[in-house]
Amino acid sequence: MWGVTVVSLVLLLIATANSAVVPFRDGILPNGDFELGPKPSDMKGTEVINKMAIPSWEVTGFVEYISSGHKQGDMLLVVPAGKFAVRLGNEASIKQRIKVVKGMYYSLTFSAARTCAQDERLNISVAPDSGVIPVQTVYSSSGWDLYAWAFQAESEVAEIVIHNPGEEEDPACGPLIDGVAMRALYPPRPTNKNILKNGGFEEGPLVLPGSTTGVLIPPFIEDDHTPLPGWMVESLKAVKYVDTEHFSVPQGRRAIELVAGKESAIAQVARTIIGKTYVLSFAVGDANNACKGSMVVEAFAGRDTLKVPYESRGTGGFKRASIRFVAVSTRTRVMFYSTFYAMRSDDFSSLCGPVIDDVKLISVRKR
């Protein structure tokens, strides 16, 4: 009897430790890299059979704990960092509770890779916010891409849930997840030097240390709140958030790479005065990631447009451009996209494109 009681108490303590609320701090979530794994007794092959078996996480459904180099048929599963990741099968999920500040904005960053499902996607949620992120398009040759998703905290505890809504014939088919991290967002405001918010893209999602792929920001239709404050991703495909630690950036430490032609666009709506003259200025360049060739960025400011050609050597560099226009509305939409698709010259399976940065909108006197 005492043995049963002690075992029950130990299981309760483990469950309590896993479900405990952890104070938030910028960076990888507790065991967000999944390097701390289940005990052998909590697994059946690669399947996790105890919902509290992975430290700091609670799992539901068919969740597998995968080691790098694991083989599934003819497919070799690779982990982007460290030695372990999790795979979410049909209707499977992982969740963790974090103590946050009510009303604050936060951005999640995580690595995901598709495996064998036909239409893989992930449902990310922190109640009441949720969004479905498609992972069908692979942007990098490794098969792993970093994604960002944002939410506003409605309470002092955020329950972060990553869920695979798929229903495949093989229950093991589903996305791999690794490197789950979080960052607080501080939405910038317009200034007397720039009517646009976050024109330098300095405020955005966390870029994982050691990551060389940049962070994909999905279309705004998938997000109630944007991980790129001030901007909307108004396209079918994602845009990429790049940093100076891994890429060439025209200004500051962050920029946006338009990686999917006209299917990859960002926009912002600015307050303007009808009849007043404005100048929209920006930088166009390449990220020093072997993205070579003739590129064109199309800029839109209300009814006015400008095509900016850029001849990329793929080694970094940029040019500046501007467009002068007269506002015809109290709200003017500023938008950018790339005219053409591009692929890296050293890796023909990785999408790339022109970089935009240092976007400014100011009012000027008429000539």
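What counts and how
Residues numbered from 1 in each chain as written. Predicted model: local features only at pLDDT ≥ 70, side-chain atom pairs only at ≥ 80, totals over all residues. Heavy atoms only, no water. 1 Å grid on protein atoms, 1.4 Å probe; cavity = no way out; pocket = protein on both sides within 12 Å on 5 of 7 lines; lining within 4 Å. Points joined across faces, edges and corners; volume = space filled by probe spheres on them. Helix = DSSP H or I, 4+ residues; strand = E, 2+ residues; numbered from the N terminus. Nonpolar A, V, L, I, M, F, W, Y, C, P; charged D, E, K, R; others polar. Pairing = 2+ DSSP bridges. Core = buried A, V, L, I, M, F, W, Y, C linked by side-chain atoms within 4.5 Å. Buried < 20%, exposed > 50% of the residue type's maximum accessible area, 1.4 Å probe, protein only. Domains from an automatic or database assignment. Contact = heavy atoms within 4.5 Å. Salt bridge = Lys/Arg side-chain N within 4 Å of Asp/Glu carboxyl O. Buried area = accessible area lost by both parts, 1.4 Å probe. Polar contact = N/O pair within 3.5 Å; in protein donor to acceptor, adjacent residues only side chain to side chain. Phe/Tyr/Trp six-rings, centres within 6.5 Å; stacked < 30°, edge-to-face > 60°.

Caption draft 1: Main features of the layout of surface pockets. Here the second largest pocket is characterised by a volume of approximately 390 Å³. Forming the walls of the second largest pocket are 20 residues, and the residues nearest its centre are Pro80, Ala81, Ser111, Gly210 and Ser211. Mapped onto the lining of the second largest pocket, the elements with two or more residues apiece are β14 (144–152) and β16 (176–185). The leading source of residues in the lining of the second largest pocket is β14, at three residues. Here the lining of the second largest pocket is composed, by residue class, of nine nonpolar, eight polar and three charged.

Caption draft 2: Representation of the sheet that holds strand β24 (residues 304–313) in the model. With antiparallel pairing, five strands are arranged side by side in an open sheet as β18-β21-β26-β23-β24. In the strand order of this sheet, the two ends are held by β18 (232–233) and β24, each with one partner. Pairing geometry for β18 and strand β21 (residues 265–271), over two bridges, is antiparallel. Its bridge partner lying in β21, methionine 232 is registered against alanine 267.

Caption draft 3: Geometry of the nonpolar core. Residues Phe34, Ile94, Leu122, Phe151, Ile177 and Met182 are the most contacted members of the largest nonpolar core, which totals 42 residues. Mapped by element, the contributors of at least two residues to this core are β6 (63–67), β9 (84–88), β10 (93–99), β11 (105–113), β12 (121–126), β14, β15 (157–163) and β16. Among the domains, domain 1 (26–185) and domain 2 (215–363) are the pair contributing at least three residues each to this core. Ignoring anything within four residues of it in the chain, the contact list for phenylalanine 34 reads Ile54, Trp57, Tyr65, Phe84, Ala85, Val86, Ile94, Ile177, Asp178 and Val180. Counting 41 residues, the second largest nonpolar core, distinct from the first, contains Leu208, Ala270, Met295 and Val359.

Caption draft 4: Spatial organisation of the pattern of salt bridges. According to the stated counting rule, one finds nine salt bridges in the structure shown. In this structure, the salt-bridge partner of glutamate 58 is lysine 51, at a minimum N-O distance of 3.9 Å. Given a relative accessible area of 46%, lysine 51 falls into the partly exposed group. Here lysine 95 ties to glutamate 159 by a salt bridge, and the two come within 3.7 Å at their closest N and O atoms. Of this pair, lysine 95 sits in strand β10 while glutamate 159 sits in strand β15, and the two are 64 residues apart along the sequence. Using a relative accessible area of 24% as the deciding quantity, one classes lysine 95 as partly exposed. Overlapping salt bridges, with partners in common, bring together Lys51, Glu58, Lys95 and Glu159 in one network.

Caption draft 5: Representation of the domain arrangement of the protein within the structure. What the domain assignment lists for the protein is domain 1 (26–185) and domain 2 (215–363). For domain 1 versus domain 2, the distance between C-alpha centres works out to 30 Å. Listed by partner, the interface residues are 23 residues for domain 1 and 17 residues for domain 2. A combined buried area of about 1600 Å² lies between domain 1 and domain 2, and 57% of that area is made up of carbon and sulfur atoms. In this assembly, domain 1 and domain 2 are joined by zero salt bridges. On the surface where domain 1 and domain 2 come into contact, there are three residue pairs in polar contact (both at pLDDT 80 or more). Elements supplying a minimum of two residues to the side of domain 1 that touches domain 2: β11, β13 (129–134) and β14. Here the element with the most residues in the side of domain 1 that touches domain 2 is β14; it accounts for eight residues. Residues of the side of domain 1 that touches domain 2, tallied by class, amount to 13 nonpolar, eight polar and two charged.

Caption draft 6: Up close: the packing of aromatic side chains. Under the counting rule described, the total for this entry stands at ten aromatic pairs. Centre to centre, the rings of tyrosine 106 and phenylalanine 151 are 5.6 Å apart; their planes meet at 25°, and the pair counts as stacked. Taken as a pair, tyrosine 106 in strand β11 and phenylalanine 151 in strand β14 lie far apart in primary sequence, 45 residues in all. Both residues of the pair, tyrosine 106 and phenylalanine 151, belong to the buried class. With a centroid separation of 5.0 Å and an interplanar angle of 70°, the aromatic rings of phenylalanine 282 and phenylalanine 336 are classed as edge-to-face. In this pair, phenylalanine 282 sits in strand β22 (residues 277–286) while phenylalanine 336 sits in strand β26 (residues 331–338), placing the two residues 54 residues apart along the sequence. Here the two residues phenylalanine 282 and phenylalanine 336 agree in accessibility, since each one is buried. Members of the aromatic cluster, joined through ring pairs, are Phe24, Tyr106, Trp149 and Phe151.

Caption draft 7: Summary view of the pairing of β6. Within β6, four of the five residues are buried, which leaves the element mostly enclosed by the surrounding structure. Of the strand pairs in this sheet, β6 and β9 are connected by five bridges, and their pairing is antiparallel. Its bridge partner being in β9, serine 67 is matched across the sheet by phenylalanine 84.

Caption draft 8: Region of the structure containing the pairing of β10. Both strand β1 (residues 22–23) and β10 contribute to a ladder of two bridges, which runs parallel. Each residue of the ladder has a partner; that of proline 23, found in β10, is lysine 99. Of the pairings in the sheet, the one linking strand β5 (residues 58–60) to β10 comprises three bridges and is antiparallel in character. If you follow valine 59 over to β10, its bridge partner there is isoleucine 94.

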